[in-house]
Amino acid sequence: MSLFENTLKQIRKASSIMDLDEDIERIMSVPQRKIEMQVPVKMDDGSLKIFPAFRVQHNNYMGPYKGGIRYHQQVDAEEVLALSAWMTIKCAVVNIPLGGGKGGIIVNPKELSEGEKERLTRRYVQLLAPAIGPDRDVPAPDVNTNAKIMSWIADEYSKIVGKDSPGVVTGKPVGQGGSEGRGEATAQGGVYVLNEYIKHEGLDPKNLKVVVQGFGNAGGIAAKLLVEDGYQLIGASDSQGGIVCSHSIDPNELMQCKVEKNSVKNCGLHVTQLHDVEGVDCKEVSNEELLEEECDVLVLAALENQITKENAPRIKAKIILELANGPVHPEGDEILNENGVVAIPDILANAGGVTVSYFEMLQNADGNYWSEERVKGELQDIMVKAWKDVKCNAEKHQSTLREAAFITALSRLEAKIRERGSF
Ligand code: GLU
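Let me sum up the structure you'll find in this document. These figures come from a predicted structure and were not determined experimentally.

Looking now at the packing of helix α13 (residues 372-397) against helix α14 (residues 401-420). Two quantities define a packed helix pair, namely the angle between the axes and the distance from one axis to the other. The N-to-C vectors of α13 and α14 enclose an angle of 105°; their axes lie 8 Å apart at closest approach. Judged by the angle between their axes, α13 and α14 are roughly perpendicular. Between α13, through K385, W387, D389, V390, N393, A394 and H397, and α14, the contact on the second element is made entirely by L401, A404, A405, I407, T408 and R412. Taken together, the residues of the contact of α13 with α14 break down into 7 nonpolar, 3 polar and 3 charged.

The pairing of strand β1 (residues 33-42) with strand β2 (residues 48-59) spans 10 bridges and is classified as antiparallel. Paired with R33 across the bridge in β2 is Q57. Hairpin connection of β1 to β2: 5 residues between the antiparallel strands, including G46 at a positive phi of 95°.

Attention now goes to the sheet that holds β1. Spatial ordering of the open sheet is given by β1-β2-β4-β3-β5, a layout of 5 strands whose pairing is mixed. Lying at the two open borders of the sheet, with one neighbouring strand each, are β1 and β5 (137-141). Each strand axis lies, on average, 25° off the axis of its neighbour in the sheet, ignoring direction. Here 4 bridges tie strand β3 (residues 65-72) to strand β4 (residues 100-106), and the two strands are oriented parallel to one another. Paired with R70 across the bridge in β4 is G104.

Here we come to unusual backbone geometry. If you check the backbone angles, D19 has positive phi at about 60° while not being a glycine. Looking at the element boundaries, D19 is found in the loop between α1 (3-18) and α2 (22-28). A positive phi angle is found at N262, which is not glycine, with a value near 80°. Here N262 is to be found in the loop between α8 (251-261) and β9 (282-285).

Okay, the environment of Y124 next. Inspection of the secondary structure puts Y124 in helix α4 (residues 114-128). Put simply, Y124 and A53 are 71 residues apart on the chain and 7.7 Å apart in space, counted from C-alpha to C-alpha. Contact partners of Y124, with chain neighbours within four places excluded, come to M37, V39, A53, F54, R55, I69, G103, G104 and I105.

The next point concerns a negative patch on the surface. A cluster of acidic side chains, namely E180, E184, E372 and E373, defines a negative patch on the protein surface. Counting through the fold element by element, E184 comes out in helix α6 (residues 182-201). Judged by its relative accessible area of 34%, E184 is partly exposed.

Here we take up the site of the ligand. If you check the shell around the ligand, you find 14 residues, and the closest are K66, K90, P141, D142 and S357. K90 is positioned with one of its side-chain polar atoms (N or O) 2.6 Å from an oxygen atom of the ligand. Between the ligand and S357, the relevant distance is 2.5 Å, taken from an oxygen atom to a side-chain nitrogen or oxygen of the residue. For the ligand, whose unbound accessible area comes to 300 Å², protein coverage reaches 94%. Those elements that place two or more of their residues in the shell around the ligand are β3, α3 (77-93), β5 and α12 (352-366). Its residues assigned to classes, the shell around the ligand shows 4 nonpolar, 5 polar and 5 charged.

Here we come to the packing of aromatic side chains. The final tally for this structure, using the stated rule, is 3 aromatic pairs. On the numbers, 6.0 Å between centres and 90° between planes, the contact of Y197 with W387 is edge-to-face. Residue Y197 is found in helix α6, and its partner W387 is found in helix α13; the two are separated by 190 residues along the sequence. Accessibility classification places Y197 together with W387 in one group, the buried group. Between F359 and W370 the ring centres are 5.0 Å apart and the planes differ by 40°, which places this aromatic pair in the tilted class. Taken together, the residues F359 in helix α12 and W370 in the loop between α12 and α13 connect sequence positions 11 residues apart. Like F359, the residue W370 is buried in the burial classification. Looking at R374, its charged tip hangs above the ring of W370, at a distance of 3.9 Å from the centre.

This part is about helix α10 (residues 330-338). Regarding α10, the residues found buried are P330, G332, D333, I335 and L336. Buried residues in α10 make contact with α1, β11 (319-322), β12 (342-344) and α14. Phi turns positive one or two residues past the end of α10, at G340, with a value near 75°.

In summary, the side chains of a regular strand alternate between the two faces of the sheet. Judged by how many residues are buried, β3 sits mostly within the fold: 8 of 8 residues are covered. Judged from the 5 bridges that link them, β3 and β5 form a sheet pairing that is parallel. The partner of G68 across the bridge, within β5, is A140. For the handedness criterion, the β-α-β arrangement of β3, α3 and β4 is classed as right-handed.

Conventions adopted
Residues numbered from 1 in each chain as written. Predicted model: local features only at pLDDT ≥ 70, side-chain atom pairs only at ≥ 80, totals over all residues. Heavy atoms only, no water. Axes fitted to C-alpha atoms, helices over the stretch in contact; angles between N-to-C directions. Helix = DSSP H or I, 4+ residues; strand = E, 2+ residues; numbered from the N terminus. Parallel < 35°, antiparallel > 145°, perpendicular 65-115°, else oblique. Contact = heavy atoms within 4.5 Å. Nonpolar A, V, L, I, M, F, W, Y, C, P; charged D, E, K, R; others polar. Pairing = 2+ DSSP bridges. Patch = residues over 30% accessible without salt bridge, like charges linked within 9 Å, V, L, I, M, F, W, Y side chains within 5 Å. Areas by Shrake-Rupley, 256 points an atom, 1.4 Å probe, with all protein chains shown as cover. Salt bridge = Lys/Arg side-chain N within 4 Å of Asp/Glu carboxyl O. Lys, Arg positive; Asp, Glu negative; His and termini not counted. Charge placed at Lys NZ, Arg CZ, Asp CG, Glu CD. Buried < 20%, exposed > 50% of the residue type's maximum accessible area, 1.4 Å probe, protein only. Near = heavy atom within 4 Å. Polar contact = N/O pair within 3.5 Å; in protein donor to acceptor, adjacent residues only side chain to side chain. Phe/Tyr/Trp six-rings, centres within 6.5 Å; stacked < 30°, edge-to-face > 60°. Lys NZ or Arg CZ within 6 Å of the ring centre and 35° of its normal. Right-handed = clockwise from strand over helix to strand, strands pointing away.

Below, the structure written as structure tokens:
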């Protein structure tokens, strides 16, 4: 089953619960435009390589297409399509005036020099320039892309259109028109929602043990924020493996150790425990083993389809926070539901990233830059409101949070498409 079939399944499920207009469901089930490119790059050794690349513009009824660009050796057209549709839904869940898009280049960026990566990025922008723009389609970081790559995109696009256009892309460095708080936004948004859920359930973070899959940009920051809020971090992994400890780990030390030793899996002996207790012990685990560890909250911040029908029955966490896009396969999701595991779905949990991207667009448009406090405050307001809307729909329809998040988004999209009289 392709990733986009997962998306379609989720749309159909929500649509049947809420009785969505069939034509709206059909509109949401197809992208408005798919762009396929072949990007030629002169490599450092003088040879020429051609990298296949995509941008899918799923839907712009709510506003300009919006979504990241990922650089990955396994990315393909179907994956980018699924991710673009989730962007449309995600923006509607948090009710920001943006549509959905996504880009990807088939490349292992770890095999490229900095110069090769820059030439690849600039050439991609040259091919894509007619289709993007601050009011048309605004890319952002995603897997393996970062603020530096975003500033190359802004620079190349500005050269092409002959005027400074920082608003063509978000997630830029702060000195290049980026927003304060954008780097932490995905994690921060997820933590705001998790805290609301915990409060609603009458739970105390101090009693909750957390395991993080994907201790990187989103997962590493989430771990830090969760520990600041009182949760106990007991395990973490990255692409190479991980560790699980008998007592809580200091996320800052773990991050420092990961940088020095290349992977958290090499850090078992090096992380001091937050609390000075006897008999503390860490063991090395594979990524698969980490998911099945005894814990209360499992944060999924790596790639898609990590929980499937195979491992879902063995998941011991009671709450899953989906910071990655599509980390739970629909078949795995059914099993989690049957077992009473609550998943805070990606389209709500990780929407903080695109929300602060929207703030960045607003700041670029009027040249007035916000303080970090303002960004955080406005992000919290939007995430808490989205949580309440989703919770309300879950109660109304007796549905899961995922179904309720889709229902929240699809009803907004339906109203907007009708008001515009677009079909
Ligand atoms: N790549 C992020 C996501 O999947 C952020 C997208 C954006 O900021 O436009 O939500």
